[in-house]
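# Observations on chain architecture
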Amino acid sequence: MNPARLVHNKAPMRGFTLIELLIFISLITTVLVITIGAVTYAINALNDSRNRTLASHYTTELAEWMRFRRDICYLGDLTDHAGSSSEETLTRYYCFNDIDIASNQTCLNPDEWPDEVASCDVCTYTLGGNLQRCAGLTESTINNRVEATIVTSWYNNAAKQNVTTYMFLSSQ
C-alpha cells in the first residue's frame, strides 16, 4: 500500500472555536449591562428632575397663595393660623395636599384652611402622586409679622428630598 494514498486532503475548518464564542458572549453581555445601567440612571435622573420641578412649583404656588391672603384679605388671616410665643407650640403646621390653591382665591371662608397637624412628617405623599406640601407658621413679635416655612417633600431612592421656602409676611 502506498503511504501517499493514506493522506487525505482535509478541508479548511469553518466556524468559531469555543473560546471565541465565549469572548463574544462576554462582550455582548458587558455592553448590555452597561446600556441597561445607563438607561436606569437616566430614568432616575429624569424622575428626580420631574419631582424637583413639581416641588418648586407647588412650593411657589403656596407662597403666592399666602401672599394673596396677606395682601387681599388681611395679615390677621395668617396670624389666626400661626403659633405665637404665648402658646406651648411656637409653630403650627398644616398639610396643603388636598386644597386646590389655584382656584381658592377667596377671603370669605376661614374653613378653607386645612386642619392643624403635629408636624410635617404626618402629611401624606398624595400631592402630584408622590409629594407632600406642608407649611409651618409662627407669629413673630417683631413688626407684627408671620414667619412661614413651606416644605414640599418626596422620596427618591429611599432618600427624602425637599424644596423649602422661608418667608416673612408682614402688613407693612
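Residues numbered from 1 in each chain as written. Predicted model: local features only at pLDDT ≥ 70, side-chain atom pairs only at ≥ 80, totals over all residues. Heavy atoms only, no water.

### Comments concerning the pairing of strand S4 (residues 145–156)
As judged from the nine bridges shared by strand S3 (residues 132–140) and S4, these two strands associate in the antiparallel manner. Bridge pairing in S4 links Arg-133 to Thr-152. Strand direction decides the pairing type here: S4 and strand S5 (residues 159–170), joined by 12 bridges, are antiparallel. Its bridge partner being in S5, Thr-152 is matched across the sheet by Val-163. Connecting S4 to the antiparallel partner S5 that follows it, the hairpin turn spans two residues, and Asn-157 within it adopts a positive phi of roughly 55 degrees. (Pairing = 2+ DSSP bridges. Helix = DSSP H or I, 4+ residues; strand = E, 2+ residues; numbered from the N terminus.)

### What to know about the nonpolar core
Grouped together as the largest cluster of nonpolar side chains are 16 residues, with contacts concentrated most on Leu-62, Trp-65, Met-66, Phe-96, Leu-137, Ile-150 and Met-167. Among the secondary structure elements, those contributing two or more residues to this core are helix H2 (18–73), S3, S4 and S5. Looking at this core, the element that brings in the most residues is H2, giving four residues. In this structure, Tyr-58, Leu-127, Trp-154 and Val-163 belong to the second largest nonpolar core, which totals six residues. (Core = buried A, V, L, I, M, F, W, Y, C linked by side-chain atoms within 4.5 Å. Buried < 20%, exposed > 50% of the residue type's maximum accessible area, 1.4 Å probe, protein only.)

### Re the sheet that holds S4
Each strand in a sheet pairs with another by means of backbone hydrogen bonds, the pair being arranged parallel or else antiparallel. Reading across from one edge, S2-S1-S3-S4-S5 is the order of the five strands in this open sheet, with antiparallel pairing throughout. Here the strands that pair on one side only, and so sit at the sheet edges, are strand S2 (116–117) and S5. Here strand S1 (residues 92–95) runs beside S2; their pairing, made up of two bridges, is antiparallel. Bridge pairing in S2 places Tyr-94 opposite Glu-116.

### Regarding the state of the cysteines
Scanning the entire structure with this criterion turns up two disulfides. Covalent S-S linkage joins Cys-95 and Cys-123, the inter-sulfur distance amounting to 1.7 Å. Taking the sign of the S-S torsion, about -90 degrees here, the bridge from Cys-95 to Cys-123 comes out left-handed. Linking Cys-95 in strand S1 with Cys-123 in the loop between S2 and S3, this pair joins segments that are 28 residues apart in sequence. According to the relative accessible area criterion, Cys-123 is buried, its value standing at 3%. The disulfide bridge from Cys-120 ends at Cys-134, spanning 2.1 Å between sulfur atoms. When the S-S torsion is -75 degrees, as for the bridge of Cys-120 with Cys-134, the disulfide is left-handed. Note that Cys-120 is positioned in the loop between S2 and S3 and Cys-134 in strand S3, a separation of 14 residues in sequence. On the basis of relative accessible area, Cys-120 is assigned to the buried category, the value being 16%. Since its relative accessible area comes to 0%, Cys-134 is described here as buried. (Disulfide = S-S within 2.5 Å.)

### Overview of the pattern of salt bridges
Applying the stated criterion across every chain yields a total of five salt bridges. Of the charged contacts in the structure, one is a salt bridge between Arg-52 and Asp-48, with a shortest N-O distance of 3.5 Å. On the criterion of helical spacing, the pair formed by Arg-52 and Asp-48 is a turn pair, its members being four residues apart in helix H2. Under the relative-accessibility criterion, Arg-52 is labelled partly exposed at 34%. Salt-bridge contacts for Arg-133 lead to Glu-61; the nearest nitrogen and oxygen are separated by 3.0 Å. Here Arg-133, found in strand S3, pairs with Glu-61, found in helix H2; they are 72 residues apart in sequence, far enough to count as distant. Among the residues examined, Arg-133 registers a relative accessible area of 1% and is labelled buried. (Salt bridge = Lys/Arg side-chain N within 4 Å of Asp/Glu carboxyl O.)

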